[in-house]
Amino acid sequence: VNRRTRARLLPLLGLAFVLSSCAQVGVRDGVLDSFDARGPIAEDLAGLFWLVFWIATAVFVLVQGGLLYTLFRFREKRDDPAEPKQFEGSPVLEVIWTVIPVVILAAIAVPTVERVFKYTECAPDAMHVNVIGHQWWFEYYYPDHDIWTANELVIPAGREVCLTMTSGDVIHNYWAPKLNGKRYLIPGEDTLLLLESFPLAEGVASEEFHVHCAEFCGLSHARMRARVIAVTDAGFADWVVGQQTDAVEPSTDLEVEGLALFGEKGCSACHVIRGVNDDVVDNTVVIGPELTHFASRGSFAGSTLELSDPDALRMWLADPPTWKPGSFMPNLGLTADEIDALDAYLRSLR
Amino acid sequence: MATTEAPRTRGTTPAPTIFRRPASTEGFWGWVTTTDHKKIGIMYGYTAFVFFIIGGIEALLLRVQLAVPDNDFLSAAEYNAMFTMHATTMIFLFVMPMAAAFFNYLLPLMLGARDVAFPRMNAVSFWIFLFGSIFLTSSFFFATSGPPVGGSLPGGAEFASRLGSGPNGGWFGYAPNSLERFSTGTALDYWSIGLQVVGVSSLISAVNFIVTILNLRAPGMTLLRMPVFVWMTFVVAFLLLFSLPIIAVALFMIMFDRQFGTIFFDAAAGGDPVLWQHLFWLFGHPEVYILILPAMGLVSEVLPTFSRKPLFGYAAVVFAGAAIGFLGFGVWAHHMFASGITPVAQAAFGLATMTIAVPTGIKIFNWLGTMWGGKIRFSTPMLFAIGFVSLFVIGGLSGVTHSVVPSNWQQTDTYYIVGHFHYVLFGGAVFGLFAGLYYYFPMLTGRMFSEKLGKLHFWLMFIGMNLTFGPMHWLGMQGMPRRTWVWYAEQGLAFWNSVVTVGAFVIAASVAVFMVNWVVSKRRGPRTPFDPWDARTLEWMIPLPPPVYNWAKIPTVHTLDEFWHRKYDEDDDGRAVRRPDHHEVLVALEYEGRNPEAEIELPSPSYFPALVGLGIMFLAYGVIYLDSGFGFALVAIGAVAILGSFVGWSVEPVEEPHAHHDDHELLESGDHV
């Protein structure tokens, strides 16, 4: 490549980079994109962000423009013997550039304070769910319906849901960016978080939102995710009824074997399956997610694995700590046959 | 005079004791025993730079891991150790000691003094820092890090790999994750004790600098004639003095929780984990200004020199710096807006945070005002200073968006924050420090660096820094939480993550250019003339590199920018005019600087500061292994070394008797207070 071609190539490459960057800025396909607000609270927060963003952009352009202009205009020129005037300051200017930022900040402060108070109290008609953080999964308890579940929070779309959150071990942070900002889950304390999705469009049965733990919570923090599933009111009523029933009986030989292994291999010491071992343990003492309706959920292992993936559950059962280092579910030393049986049984728990 | 360590009182022959002060100031032992603030500054600088490289390598490993989704380049434990130690190293072992290098080297030169107030204490703070940082970093060789109690690691391993056994609780070490039940092994003991040791070092320096500034100013240098860098040092020293005890207490509490079974932060036993957050950030936010104010001071020296104009609004810049330091103590809970603190607290801390933008803005506008109407020469130090101003504006503006509390609920704990504080700490602090390194390179070495390589360094670093930290804002808002060892493809972040990783390597390349420039220019660069930048302030009135005694004759100060006014007058328009005796002034200053009229008394070297530092390192290792006899032995060795040094320190003679012992008149010429 000769010099001239290279000289033409560089700006072209730069332009290509800038263009592809611009194309990327508008992309909204990320499952945790906070700009892609899917509920009234998140929309309000995004609106506030953009308001401040454009004010900041205006300041940015003025200051950087001023800087560039100063650098260009007052650059040292060849053979210019004149020395600059030695002025040392201007009290008038000092006052001006103190007052202007104060005014701008005051303008930003008003909507800020207003929203702080707006989103830290639950509406009286809100639906309540308790959230308990664990290393590394979220547990939910619906006090009005006496339902325990994990990872996937099912809520009625278009209704305010009030989460009362705490932690069983270290500090976690519940972040469903398309519905609201973050709130910590702190051991020994209760914190509140409001979630609300937009009502579903006609003919849509449910909408799924991704959640990520946002506070560093130990080894497998990166594998602590969750989902919020917003459903229609009718869908929610059906879901409640489904969750309140006991687990289905195993129907095939493989599933029967899986149920037996659930007891033999020690799974039942940490997980509750109602109708199987809830007479000896309950969710206030166990350390793993309730599995009664395991297969009614689309994801597992802190919502990091999909049940629709035929191999994911087998991989998980074979060696949990490899997927989630530090995991409280140990490698149980299961054989391939045992894994098949447990896989079949767990998938039957709808 | 009473406040200075008394090397200058003399006349009686000290009684010979078993403790002798080292005689030589040359060679290896010359460095180990030195009490010369310039040598101590140089040692601070090189040590800090080594840690800059270590912290940088950690950053590159992080970026390789995050370049693609679900990467397995690093394990979870290794990634967590990398981000913890990247931050810990860059903050405590690079930026703070690099700033200390400038404080040490420049403060007496700018004040017109021969050394700091307490030369041996100055040495001790360096040695404690050095051994403390070696101790902290040695965790990668000696520490262990296991799963939480009841959990298991891949392959049933008891502990993570060597690399994964560094401290891994985050530089913020949130309890209860940092307690023993959740962070098993010794990694976090290394972290909490190591930071404690390094903190002691900074605390000692802070006291030393405050006393130096208040007492050792040259005749005529009133407080408002001090260079802005000295002012910023003064503010930083007070910030250190008031904030370090807070983190010291917090670190002791966590150390006691881990080692001796207390329950300060253990919620399960009735402790309060949020208390840790309050204590940590009550230190942690002033710490941010501890990192940035020295750079602001350096930039305030560089901009006027290369604009050939005085700093615009000197008093405003000084008071804005003090205001930033003051307000910095009242905003800590803005790190905790998601922690469920009451709405009243959220509103109050949000508003308090906004107010910091005002003094910061004042500084920015005054720097612009300094350049306006000037005659701007784009030398490398100036480029870095301009880069500082430009990048700091971006970091400041994104900082204002954090103070909007409801927006903060989305931003906090995402890469948006990572982007913001790297604009402030890399675009700000690091660019400011590089401006200072280039600006003072001729003073340090007596030679000139290569402008060509310097400019290449600047542009690579400027581009690399924007490629690395700019896209992080988008990454954060588009759903990339911090401190996650993997991210997943559905997050849709592939493009920006790969750009960021490329940017990190561009920065690495720029640092390599800097190192080449430094090493080659130090050996073969052209000799610099006296006053190479046509500078304005006192420290350039001495020969380069400065003689060991700094000032052959202590200068008398008549005005701010003393040096400039000895070289230039002003015409009726207020334009600078070279004085007719300009050349003679410079020649006389250089001659005078090299030829003191009488022998100058300087603080003697001492063995004990280094020995204290070494002893503290033994003590630190000992505390970690206290459950074995080995640990007790280490504690005993450390205690003997420290206590023995204290005794030696107290009774060692002020100086060894030598030939010129009776020059009483020196007391007058050397006494400048």
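Located above this text is the structure these notes cover.
Residues numbered from 1 in each chain as written. Chains lettered and ligands numbered in written order. Predicted model: local features only at pLDDT ≥ 70, side-chain atom pairs only at ≥ 80, totals over all residues. Heavy atoms only, no water.

K.L.:
How do you make sense of the packing of helix α2 (residues 40-73) of chain A against helix α10 (residues 343-371) of chain B when you look at a structure like this?
P.N.:
Between two packed helices, the angle of one axis relative to the other and the distance separating the axes together describe the packing. For the pair α2(A) and α10(B), the least separation of the axes is 9 Å and the interaxial angle reads 20 degrees. Between α2(A) and α10(B), the angle is such that the two are roughly parallel. Crossing hand, α2(A) versus α10(B): left-handed. The residues of α10(B) that touch α2(A), namely those facing Val63(A), Leu67(A), Thr70(A) and Leu71(A), are Ile364(B), Phe365(B), Leu368(B) and Met371(B). Here the residues of the contact of α2(A) with α10(B) sort into 7 nonpolar, 1 polar and no charged. (Axes fitted to C-alpha atoms, helices over the stretch in contact; angles between N-to-C directions. Helix = DSSP H or I, 4+ residues; strand = E, 2+ residues; numbered from the N terminus. Parallel < 35°, antiparallel > 145°, perpendicular 65-115°, else oblique. Left-handed = near helix turned anticlockwise from the far one by under 90°. Contact = heavy atoms within 4.5 Å. Nonpolar A, V, L, I, M, F, W, Y, C, P; charged D, E, K, R; others polar.)

K.L.:
Mind showing me how you'd approach the packing of aromatic side chains here?
P.N.:
Two aromatic rings are characterised by how far apart their centres lie and by the angle between their planes. Residues and elements named next belong to chain B. The full count for this structure, using the stated rule, is 86 aromatic pairs over all chains. With centroids separated by 5.7 Å and ring planes inclined at 85 degrees, the aromatic side chains of Tyr438 and Phe514 adopt a geometry described as edge-to-face. Taken as a pair, Tyr438 in helix α13 (residues 415-445) and Phe514 in helix α15 (residues 494-524) lie far apart in primary sequence, 76 residues in all. Phe514 matches Tyr438 in its accessibility class, with the two residues each being buried. The ring of Trp31 carries Lys39 above its face, with NZ or CZ at 5.0 Å from the centroid. (Phe/Tyr/Trp six-rings, centres within 6.5 Å; stacked < 30°, edge-to-face > 60°. Buried < 20%, exposed > 50% of the residue type's maximum accessible area, 1.4 Å probe, protein only. Lys NZ or Arg CZ within 6 Å of the ring centre and 35° of its normal.)

K.L.:
What's the story with the pattern of salt bridges in this structure? I'm lost.
P.N.:
Side-chain pairs of opposite charge can arise where the charged atoms are in close proximity. Scanning all chains against the criterion turns up 31 salt bridges over all chains. A salt bridge links Asp36(B) to Lys38(B); the shortest N-O distance between them is 3.3 Å. Asp569(B) serves as the salt-bridge partner of Arg579(B), at 3.6 Å between the closest nitrogen and oxygen. Residue Arg579(B) is found in the loop between β2 (576-578) and α17 (582-594), and its partner Asp569(B) is found in strand β1 (residues 568-570); the two are separated by 10 residues along the sequence. Bridged by salt links that share partners, the residues Glu83(A), Arg308(B), Asp531(B), Asp534(B) and Lys567(B) form one connected network. (Salt bridge = Lys/Arg side-chain N within 4 Å of Asp/Glu carboxyl O.)

K.L.:
I would appreciate a short explanation of the nonpolar core in the present structure.
P.N.:
One recurring pattern in soluble globular proteins: nonpolar side chains tend to sit buried together. Tyr142(A), Leu153(A), Leu163(A), Tyr174(A), Val228(A), Trp276(B) and Phe388(B) are the most contacted members of the largest nonpolar core, which has 264 residues in total. A per-element tally of this core places helix α3 (residues 76-111) of chain B first, with 27 residues. Core analysis: the next-biggest nonpolar cluster, separate from the first, contains 25 residues, Phe262(A), Ala295(A), Trp316(A) and Ile339(A) among them. (Core = buried A, V, L, I, M, F, W, Y, C linked by side-chain atoms within 4.5 Å.)

K.L.:
Please clarify how the sheet that holds strand β8 (residues 191-195) of chain A should be interpreted in this entry.
P.N.:
Across a sheet, strands are paired by hydrogen bonds formed along the backbone, either parallel or antiparallel in direction. All names here are of chain A. If you trace the 5 strands from one edge of the open sheet to the other, you get β3-β2-β1-β5-β8, paired in mixed fashion. Each edge of the sheet is formed by a strand with only one pairing partner; in this case those strands are β3 (147-150) and β8. Shown here is a sheet whose adjacent strand axes are inclined to one another by a mean of 25 degrees, direction ignored. As judged from the 7 bridges shared by strand β1 (residues 127-134) and strand β5 (residues 161-167), these two strands associate in the parallel manner. (Pairing = 2+ DSSP bridges.)

K.L.:
Help me understand a negative patch on the surface in this model?
P.N.:
There is a patch of like negative charges on the surface, built from Glu88(A), Glu570(B), Asp571(B), Asp572(B) and Asp573(B). In this fold, Asp573(B) is placed in the loop between β1 and β2. (Patch = residues over 30% accessible without salt bridge, like charges linked within 9 Å, V, L, I, M, F, W, Y side chains within 5 Å. Areas by Shrake-Rupley, 256 points an atom, 1.4 Å probe, with all protein chains shown as cover. Lys, Arg positive; Asp, Glu negative; His and termini not counted. Charge placed at Lys NZ, Arg CZ, Asp CG, Glu CD.)

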